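# Coordinates in review
So the chains spell out like this:
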There are 2 protein chains.
Amino acid sequence: MKILIVEDDALHRTYLGESVRAALPECDMVLEAADGATGERLAREHASDRVVMDLQMSPRNGIEAARTIWRERPDTRILFWSNYADEANVRGISRIVPPGAAYGYVLKSASDERLRLALRSVFIEDQCVIDREVRGLQQKSTGAVSGFTDSEYEVLIDIALGLTDRTIAKRRNLSLRSVQNRLQQLYEKLGVYQPNEGDAEARFNLRSRAVTVSLLRKLVNYTALERAEIELVRWLEKEGHSHR
Amino acid sequence: MKILIVEDDALHRTYLGESVRAALPECDMVLEAADGATGERLAREHASDRVVMDLQMSPRNGIEAARTIWRERPDTRILFWSNYADEANVRGISRIVPPGAAYGYVLKSASDERLRLALRSVFIEDQCVIDREVRGLQQKSTGAVSGFTDSEYEVLIDIALGLTDRTIAKRRNLSLRSVQNRLQQLYEKLGVYQPNEGDAEARFNLRSRAVTVSLLRKLVNYTALERAEIELVRWLEKEGHSHR
DNA sequence: AGGGAAATTGCGGGTTCCCGCAGGTCATTT
DNA sequence: AAATGACCTGCGGGAACCCGCAATTTCCCT
């Protein structure tokens, strides 16, 4: 059994290596990669179907790498090992995991034992293992009050990128008013209306404020923005061409 | 000689401990703290004047902790050990370092040797050591083209927080038009005007877009936002009281 | 098939934002 | 003293935003 480790922090990488060797004596080969790109390459060359990797990496982050790995071998088992449990990461993963694939998500703050269990469950038993803290987010994200619709999340990203209402409408194939409706729902759910006890004037620019609280609540984060920006420029180019 | 280590990641903490012991044989006591708050407490109790600490921590981040430590003992030597070299961190530190204090800033990606040198320089020789990558930012931030005036940085933070023009004016004691002037300069320097080859309509909401590119260029980051938000609510409360 | 909730769209308005223009103030220069 | 430049300020207008209202479409459920 071969296992591929993708993690840019050297200390964490050696720690993962030791944990893997200790938890999985049936593993006879441990590959290591220090960034997403070489991780993808090693996965391809060695046809490795068991990967444990970090999410926060630069220049090529974990979600991107996982996407291409899964595109080439959808049955790859991937265990994500991340610092944070924020909605942006969870959403990003559940968007790309192939149906039926085994994967896991454990936090770096988890105990050695928890990591050991996750390694065995995902790589030997083909189970899905998701830390409780993260699981809480998943429930919310599909569910009720504090969770967002996919469409709401879309406009959130769009205004975070700094797009105009009109541009959003064009990009998402909606009317101007529909975009503004979504925005209203978003403002509502983010609790951005706080005229400070009734009477006084509004202190916040709703649009910008919405982005701020999303950042503070970790509904979006830096890597999510980065990814979205890349998609945006791609779309902008396509748009530009079709208009001349 | 006593040395206090403040770092929330367990692996990095033990690594730092080993490095300190290896680089500084004259050190006979190493204290460890896993977050900013206990770091402050240990520093107070043990009257420690040599601290090495991480910047990215939660709930209480490194800059806050450093501020209170320096407030109590301005001659404390602090070596910051950080993942990133972005303008928000550099600005945050140079804003709170007491005149004459010795401090250092090295990246986690630095080699063992570089860390060793920094430890000895800051803690033994009372020198200031700043990684080259970070130094580049410092030059820019006080200087010419791509750097910002302090006042421009202020409005940047304010719109990142989602404030209205009017509110910014009140907070900074300016007229509405002056705030808008600063904003124009900001938009100019951030290069936010890109109507995509002349004719076409504007695709970006300048205000939001400015925040986005500042984030992408790491002129502001999550912890800077967090700090600014705290200051903001403090100001809002004061304002609220004075108005009834 | 039919009823009802949810989403989409148009219209109209009030507000905020973005910014050119035209003065002001203050400090430094010549 | 005049001149230059940097900054702040008021005015006005066009564009974008925020949103209530109401009509329509879409979707889902029994």
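As a reminder, the structure under discussion sits directly above these lines.
About the cut-offs
- Residues numbered from 1 in each chain as written.
- Chains lettered and ligands numbered in written order.
- Predicted model: local features only at pLDDT ≥ 70, side-chain atom pairs only at ≥ 80, totals over all residues.
- Heavy atoms only, no water.
- Buried < 20%, exposed > 50% of the residue type's maximum accessible area, 1.4 Å probe, protein only.
- Helix = DSSP H or I, 4+ residues; strand = E, 2+ residues; numbered from the N terminus.
- Contact = heavy atoms within 4.5 Å.
- Buried area = accessible area lost by both parts, 1.4 Å probe.
- Salt bridge = Lys/Arg side-chain N within 4 Å of Asp/Glu carboxyl O.
- Polar contact = N/O pair within 3.5 Å; in protein donor to acceptor, adjacent residues only side chain to side chain.
- Least-squares fit on C-alpha atoms with pLDDT ≥ 70 in both.
- Pairing = 2+ DSSP bridges.
- Expected span 1.5 Å × (residues − 1).
- Phe/Tyr/Trp six-rings, centres within 6.5 Å; stacked < 30°, edge-to-face > 60°.
- Lys NZ or Arg CZ within 6 Å of the ring centre and 35° of its normal.
- Right-handed = clockwise from strand over helix to strand, strands pointing away.
- Axes fitted to C-alpha atoms, helices over the stretch in contact; angles between N-to-C directions.
- Parallel < 35°, antiparallel > 145°, perpendicular 65-115°, else oblique.
- Nonpolar A, V, L, I, M, F, W, Y, C, P; charged D, E, K, R; others polar.

## Things to note about helix α8 (residues 165-172) of chain B
Turning to α8(B), its buried residues number three or more, namely Asp165(B), Thr167(B), Ile168(B), Ala169(B) and Arg171(B). Positive phi shows up at Asn173(B), right after α8(B), with a value of about 60°.

## Side note on the interface of chain A and chain B
With 33 residues of chain A at the contact, the number on the chain B side is 33 residues. Carbon and sulfur atoms make up 53% of the area that chain A and chain B hide from each other, which totals about 3,100 Å². In terms of surface lost to chain B, no three residues of chain A exceed Leu11(A), Arg203(A) and Leu216(A), which account for 20% of the buried area on that side. There are two salt bridges connecting chain A and chain B. Here Arg209(A) ties to Glu229(B) by a salt bridge, and the two come within 2.8 Å at their closest N and O atoms. Where chain A meets chain B, there are 18 residue pairs in polar contact (both at pLDDT 80 or more). Secondary structure elements with two or more residues in the side of chain A that touches chain B: α1 (10-23), α7 (150-161), α8 (165-172), α10 (206-216) and α11 (222-241) of chain A. The leading source of residues in the side of chain A that touches chain B is α11(A), at seven residues.

## Considering the relation of the copies chain A and chain B
When chain A is fitted to chain B, the residual RMSD is 0.2 Å, and the transformation amounts to a turn of 179° plus an axial shift of 0.2 Å. The superposition of one copy onto the other is thereby described by a two-fold rotation axis. Rotation axis and chain A: the residue whose C-alpha lies nearest the axis is Ser208(A), separated from it by 2.9 Å. An overlap of 100% is found between the interface residues of chain A and their copies at the interface of chain B, pointing to a shared contact surface.

## A word on the sheet that holds strand β6 (residues 129-130) of chain B
For sheets, the rule is that strands pair by backbone hydrogen bonds, running either parallel or antiparallel. Residue and element names in this part refer to chain B. Here we have six strands laid out as an open sheet, ordered β2-β1-β3-β4-β5-β6, and parallel in their pairing. The open sheet has two edge strands, β2 (29-33) and β6, and neither has a second partner. One ladder, built from two bridges, connects strand β5 (residues 103-107) with β6; its direction is parallel. Across the sheet, the residue bridging to Gly104 is Val129, located in β6.

## Re helix α1 (residues 10-23) of chain B
Residues and elements named next belong to chain B. In this model, α1 (14 residues) spans 20 Å end to end at C-alpha, consistent with the 20 Å of a helix rising 1.5 Å per residue. Along α1, the residues classified as buried are His12, Arg13, Tyr15, Leu16, Gly17, Ser19, Val20 and Ala23. Backbone nitrogen of Leu11 and a side-chain oxygen of the N-cap are separated by 2.9 Å at the start of α1; the cap is Asp9.

## A short note on the packing of aromatic side chains
All names here are of chain A. The full count for this structure, using the stated rule, is six aromatic pairs over all chains. Between Trp70 and Tyr103, the ring centres sit 6.3 Å apart and the planes meet at 90°, which makes this aromatic pair edge-to-face. Here Tyr103 lies in strand β5 (residues 103-107) and Trp70 lies in helix α3 (residues 62-72), a separation of 33 residues in the sequence. Since its relative accessible area comes to 3%, Trp70 is described here as buried. The aromatic ring of Phe204 is capped on one face by Arg209, whose charged end is 4.2 Å from the ring centroid.

## Looking at the pairing of strand β1 (residues 2-6) of chain B
Residue and element names in this part refer to chain B. Counting buried positions along β1 gives four out of five residues, so the element sits mostly inside the fold. Relative to β2, β1 runs parallel, the two being bridged by five bridges. The partner of Val6 across the bridge, within β2, is Ala33. With respect to chirality, the unit in which β1 leads through α1 into the neighbouring parallel β2 is right-handed. The sheet contact formed by β1 and strand β3 (residues 50-54) spans three bridges and is parallel. In the strand pairing of β3, Ile5 is matched with Val52.

## A word on the packing of α8(A) against helix α9 (residues 176-190) of chain A
Residues and elements named next belong to chain A. The geometry of α8 relative to α9 is characterised by a closest axis approach of 8 Å and an angle of 105° between their N-to-C directions. It follows from the interaxial angle that α8 and α9 lie roughly perpendicular. Along the contact surface, α8 presents Asp165, Arg166, Ile168 and Ala169, while α9 presents Leu176, Val179, Gln180 and Leu183. Of the residues in the contact of α8 with α9, the class split is five nonpolar, one polar and two charged.

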